[in-house]
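Reading the structure
Given next are the chains, with one letter for each unit.
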Amino acid sequence: MSSTARLDRQAPASPTPAREHRTIRKQSFADRTAGYVFLLPWLAGIAIFTIGPLVYSLYLSFTDYDLLQSPKWVGFANYHQMFSADPRFMHSVRVTLIYVVVVTPVKLALALAVAMLLNRKRRGIGMYRSLFYLPSLLGTSVAVALVWRSLFSQGGAVSNGLASLGLPKTDFINDPSWALPAIILLACWQFGAPMVIFLAGLKQIPSELYDAVDVDGANKWERFRHITLPMLSPVIFFNVLLETINSFQAFTPAFVISGGTGGPADSTLFYTLYLYQKGFTDFQFGYASAMAWVLLAAVAVLTALMFKVSRVWVFYGDGGNR
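Just so we're clear, the structure is a prediction, and the values are computed from it rather than from any experiment.

**Some thoughts on the environment of lysine 107**
Among the secondary structure elements, lysine 107 is positioned in helix H4 (residues 87-118). Of the residues examined, lysine 107 reaches a relative accessible area of 12% and is grouped as buried. The spatial distance from the C-alpha of lysine 107 to the C-alpha of glutamate 243 is 8.6 Å, given a sequence separation of 136 residues. Residues contacting lysine 107, with those up to four places away along its chain left out, are Ala187, Cys188, Gln190, Phe191, Pro194 and Glu243.

Right under this line is the structure:
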């Protein structure tokens, strides 16, 4: 017998395709099982702390519940009262819409302007970026709101500064005409977060595009309009979406500055503040749950509309819209 024949007889037989398929299926099943085991704590957490309370809140929105007695089913009575028999609800909607419509564009315009100023190689530029970002790092904290209230109250730094210029002293916090603008100014002052996002987007614009329009004799406005804005449109859309949602959720400044009342004369009665009053002051948790779901639905519809409209003006790197 030749050596080749002996080697062929001694070599192990190759596995059949069916055996290979079974082995791959076992390995795939083991991998999936291990993945689900690692995901189990997260899945349990989201079910217990997110989905469960969300479903229970939806149920409470159709009940009369004061925390002391069992929920009593009332159907759509909370929603009907909200839109037909509660003038403070509609007032809170108007106050919130004014806040959103003013804060979002002003805050983003400031953020973009400062980002363009800081998008240069200068000595100490990192320090300036940190200083402009600092207000957003503090966030809408209670401490910042208390300081803001002190600055704009009667005898505060802003009022005394106006008096030194020969202007009349104004108690901005207790004046219905100025209380909401004071809160809007606080929100616009905290433009650091969108500024950082704009700065990152500006860094991604190829310098060759600016060189090309410079050769054509474009001025600064034409550079901004034809290069910066189109190339930055995905970042602008992201910031607009994020800041709009955040503005609808504004609560802490209005609560602290008004002392939780939404005053003076309900001029700072934000939607979230009125929701809080209904739930934790009047103990109408069913009504407050209904308000929360109305807010969720409104923000969801507005977000969907913004995504639909974005197809017209948002341009991506592949040269098309999405």
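**Structural notes on the environment of tyrosine 316**
Residue position: tyrosine 316 is located in the segment after helix H14 (285-313). Along the primary structure tyrosine 316 and valine 235 are separated by 81 residues, whereas in three dimensions their C-alpha atoms are 9.9 Å apart.

**Notes on the packing of helix H13 (residues 271-281) against H14**
Helices that pack against each other are described as a pair by the angle of their axes relative to one another and the distance between those axes. The contact between H13 and H14 brings their axes to 7 Å, and the two run at 155°. Here H14 runs roughly antiparallel to H13, going by the angle between their axes. Remark: the crossing between H13 and H14 carries left-handed chirality. Only Phe285, Tyr287, Ala288, Met291, Ala292, Val294 and Leu295 of H14 make contact with H13, whose side of the interface consists of Tyr271, Thr272, Tyr274, Leu275, Lys278, Gly279 and Phe280. Split into classes, the residues belonging to the contact of H13 with H14 amount to 11 nonpolar, 2 polar and 1 charged.

**Some remarks on the pattern of salt bridges**
Under the criterion given, the structure shown has 4 salt bridges. In this structure, aspartate 266 and arginine 88 form a salt bridge, with 3.0 Å as the shortest nitrogen-oxygen distance. In this pair, aspartate 266 sits in the loop between helix H12 (252-257) and H13 while arginine 88 sits in helix H4, placing the two residues 178 residues apart along the sequence. The class of aspartate 266 is partly exposed, set by a relative accessible area of 22%.

**Describing the packing of aromatic side chains**
Counting across every chain of the model gives 24 aromatic pairs. Consider the rings of phenylalanine 280 and phenylalanine 285, whose centres lie 5.5 Å apart with planes at 90°: the pair is edge-to-face. According to the relative accessible area criterion, phenylalanine 280 is exposed, its value standing at 55%. What links up through ring pairs into an aromatic cluster is the set Tyr65, Phe251, Phe255, Tyr276, Phe280, Phe283 and Phe285. We note lysine 278 situated over the ring of tyrosine 287; from NZ or CZ to the ring centre the distance is 5.1 Å.

**Observations regarding helix H3 (residues 77-84)**
Burial in H3 covers these residues: Asn78, Tyr79 and Met82. Taken down its axis, H3 places every buried residue within 95° of arc, on the same side.

**Concerning the side chain of threonine 244**
Positionally, threonine 244 belongs in helix H11 (residues 220-248). Beyond its immediate chain neighbours, meaning those up to four positions away, threonine 244 contacts Val100, Thr104, Leu302 and Met306.

**Regarding the environment of leucine 134**
Following the sequence through the fold, leucine 134 ends up in helix H5 (residues 125-138). With relative accessibility at 41%, the residue leucine 134 sits in the partly exposed group. For the pair formed by leucine 134 and glutamine 190, sequence separation is 56 residues and the distance between their alpha carbons is 8.2 Å.

**Concerning unusual backbone geometry**
For residues other than glycine, phi is negative in most cases, and the peptide bonds are mostly trans. Across the junction of glycine 263 and proline 264, the peptide omega takes the value 0°, indicating a cis bond. Take proline 264: it is sitting in the loop between H12 and H13. Its identity is not glycine, yet leucine 67 carries a phi of approximately 80°, on the positive side. With respect to the helices and strands, the residue leucine 67 is situated in the loop between strand S1 (63-64) and strand S2 (72-73). Judged by relative accessible area, which is 48%, leucine 67 ranks as partly exposed. Notably, phenylalanine 283 is not glycine yet its phi reads approximately 55°, a positive angle. Its location among the elements puts phenylalanine 283 in the loop between H13 and H14.

**A short note on H13**
Buried residues of H13: Tyr271, Thr272, Leu273, Tyr274, Gln277, Lys278 and Gly279, and no others. Against the buried residues of H13 lie H3, H4, H11, H12 and H14. A positive phi of about 55° marks phenylalanine 283, the residue just after H13.

**Some remarks on the packing of helix H6 (residues 142-152) against helix H7 (residues 157-164)**
Where H6 meets H7, the axes come as close as 4 Å, and the angle between the chain directions of the two elements is 25°. Between H6 and H7, the angle is such that the two are roughly parallel. Residues Ser150, Leu151 and Phe152 of H6 touch H7, and the partners they reach there are Ala157, Val158 and Ser159. Of the residues contributing to the contact of H6 with H7, the split by class is 4 nonpolar, 2 polar and no charged.

What counts and what doesn't
Residues numbered from 1 in each chain as written. Predicted model: local features only at pLDDT ≥ 70, side-chain atom pairs only at ≥ 80, totals over all residues. Heavy atoms only, no water. Helix = DSSP H or I, 4+ residues; strand = E, 2+ residues; numbered from the N terminus. Buried < 20%, exposed > 50% of the residue type's maximum accessible area, 1.4 Å probe, protein only. Contact = heavy atoms within 4.5 Å. Axes fitted to C-alpha atoms, helices over the stretch in contact; angles between N-to-C directions. Parallel < 35°, antiparallel > 145°, perpendicular 65-115°, else oblique. Left-handed = near helix turned anticlockwise from the far one by under 90°. Nonpolar A, V, L, I, M, F, W, Y, C, P; charged D, E, K, R; others polar. Salt bridge = Lys/Arg side-chain N within 4 Å of Asp/Glu carboxyl O. Phe/Tyr/Trp six-rings, centres within 6.5 Å; stacked < 30°, edge-to-face > 60°. Lys NZ or Arg CZ within 6 Å of the ring centre and 35° of its normal. Arc of directions from axis to C-beta.

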